[in-house]
Amino acid sequence: MTNVFNTTNSQDVFDAAKELMPGGVSSPVRAFKSVNGDPIVFDRVKGAYSWDIDGNRFIDYVGSWGPAICGHSHPEVTSALQEALEKGTSFGAPCELENKLAEMVIEAVPSVEMVRFVNSGTEACMAVLRLMRAFTGRDKLIKFEGCYHGHADMFLVKAGSGVATLGLPDSPGVPRSTTSNTLTAPYNDLEAVKELFAENPDAISGVILEPIVGNAGFITPEPGFLEGLRELTKENGALLVFDEVMTGFRISYGGAQERFGVTPDLTTLGKVIGGGLPVGAYGGRKDIMSMVAPAGPVYQAGTLSGNPLAMTAGIKTLEILKQEGSYERLETMTKRLINGICESAKAAGLAINGKSISGMFGFYLCDGPVRNFEEAKQTNSEYFAKLHRSMLQKGVYLAPSAFEAGFMSLAHSEDDIDATLKAFNESFSELS
Ligand code: KE4
């Protein structure tokens, strides 16, 4: 299909970028590698929309990979930032805004009694693993195939997100000695986890997982899976860690742990709690968090951690989310979208199974159910690549990977959903 929208300037800028930065991007999944064609270069974002530097407007379901849950550059967030800016961008010293955001996180997230702010989800996951190991005195960890916990060495084993998107076996440069302590199991497979504990008695510090796997598309926990992990970790003296970098404050105000009623020992957060500025966090039981320096011996630090701008954006974002009706709106709008996509695909004779929970959704172009990463890989990636480009040409910006979740915001309107479903309808019939 010919390119029906002008991408001249995007092409020029991206061609130049490839000479300056590896792959022309600051993060691999943005490079559109698995969906053919080159990425579009953004000029600005507002509400539910993004504009590229050729003036094309897109209804945006990536939302900067999750942070833009209130809509891009929400006026209340930007005006709070403008005010904070007058007082400086970074202090490198305690500031009351950290107390405020910490209180909000502790009040909202069931497992969090104490929290430490960092600058990304990767940092939060790195730090939480060090803490798990220090608290238990054990080195091994269990992660699940297709889950992504940032790019730290010990997590780059059968990881999701960009690793899965690019079909990388894992990453060179990661010493075997580092990943030999990383055990993996298929998601939703309690028996496999039981076996790992039996084969590694008193050696596993904990189990870390995405309580909904957004980095392999959209895989939900089977009934009893999270509860089973909670029991298994307790029985084996290991810790349970929910990586809620993506699901935190998105699946509900208290995250997936509140929605599913399973409380881990530790939680990682990111994305939404920064409201578009770089914030990550890890938190949990006070007896564990009290081991973190300088209260305890577990070292972790960061120049820009807790900076006043990022704290301001996070505080304002959570204040907006806390307002009556936010999560009902996200749930209703996203349900309408995913149901419409599935109906439209089936009408075109396509195999599809799609789901949503609150403002997060995903679909696989194959028959379901998809309970783990192996089953997710049955999706028709070639078709998805054509669909992605077709939707882009129709003004809808989907995550550029068959192995990423989609994100709704409070700014998306009924008209935006109608326009999106119209574009899906046209694309499915054109491509079939
Ligand atoms: P960051 O270091 O990218 O802030 O967070 C890493 C991370 C950790 N845990 C989960 C559950 C995550 O989803 C992420 C990051 N998610 C990807 C999107 N699938 C970030 C996008 C990117 O890599 O560019």
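Placed above this text is the structure.
Residues numbered from 1 in each chain as written. Predicted model: local features only at pLDDT ≥ 70, side-chain atom pairs only at ≥ 80, totals over all residues. Heavy atoms only, no water.

Some points on helix α7 (residues 190-199)
(1) Moving on: If you check which residues of α7 are buried, you get Ala192, Val193, Leu196 and Phe197. The buried residues of α7 occupy one face: seen down the axis, they fall within an arc of 140°. With respect to the buried face of α7, the exposed residues turned more than 90 degrees away are Ala198 and Glu199.
(2) Moving on: Elements that come into contact with the buried residues of α7 comprise β5 (140-144), β6 (182-185), β7 (204-209) and α8 (225-235).
(3) Moving on: Regarding α7, its N-cap is Asp189, as a side-chain oxygen of that residue lies 3.2 Å from the backbone nitrogen of Glu191 further along. (Buried < 20%, exposed > 50% of the residue type's maximum accessible area, 1.4 Å probe, protein only. Helix = DSSP H or I, 4+ residues; strand = E, 2+ residues; numbered from the N terminus. Arc of directions from axis to C-beta. Contact = heavy atoms within 4.5 Å. Polar contact = N/O pair within 3.5 Å; in protein donor to acceptor, adjacent residues only side chain to side chain.)

Observations regarding the pattern of salt bridges
(1) Moving on: Considering all chains together, one arrives at 18 salt bridges under this definition.
(2) Moving on: In this structure, Lys335 engages Glu331 in a salt bridge whose closest nitrogen and oxygen atoms are separated by 3.9 Å. With Lys335 and Glu331 both in helix α12 (residues 326-347) and four residues apart, this pair spans about one turn of that helix.
(3) Moving on: For Glu414, the salt bridge is made with Arg336, and the minimal N-O distance between the two is 2.8 Å. With Glu414 in helix α15 (residues 414-431) and Arg336 in helix α12, the pair connects residues that are 78 residues apart, well separated along the chain. (Salt bridge = Lys/Arg side-chain N within 4 Å of Asp/Glu carboxyl O.)

Quick look at the side chain of Arg230
(1) Moving on: Inspection of the secondary structure assignment puts Arg230 in helix α8.
(2) Moving on: Beyond its immediate chain neighbours, meaning those up to four positions away, Arg230 contacts Ala238, Leu240, Val262, Thr263, Pro264 and Asp265.

Observations concerning the nonpolar core
(1) Moving on: In this structure, Phe144, Leu209, Phe249 and Leu321 are the most contacted members of the largest nonpolar core, which totals 104 residues.
(2) Moving on: Core analysis: the second largest hydrophobic core is formed by 21 residues, Val118, Met132, Ile208 and Val298 among them. (Core = buried A, V, L, I, M, F, W, Y, C linked by side-chain atoms within 4.5 Å.)

So, the site of the ligand
(1) Moving on: Around the ligand, the surrounding shell holds 17 residues, and the nearest of these are Ser27, Thr122, Asn215, Asp243 and Glu404.
(2) Moving on: Within the backbone of Tyr148, an N or O atom sits 3.3 Å from a nitrogen atom of the ligand.
(3) Moving on: Note that a nitrogen atom of the ligand is positioned 2.7 Å from one of the side-chain N or O atoms of Glu404.
(4) Moving on: Out of a free accessible area of 540 Å², the ligand has 88% covered by protein chains.
(5) Moving on: Partitioning the shell around the ligand into residue classes produces five nonpolar, eight polar and four charged. (Near = heavy atom within 4 Å. Areas by Shrake-Rupley, 256 points an atom, 1.4 Å probe, with all protein chains shown as cover. Nonpolar A, V, L, I, M, F, W, Y, C, P; charged D, E, K, R; others polar.)

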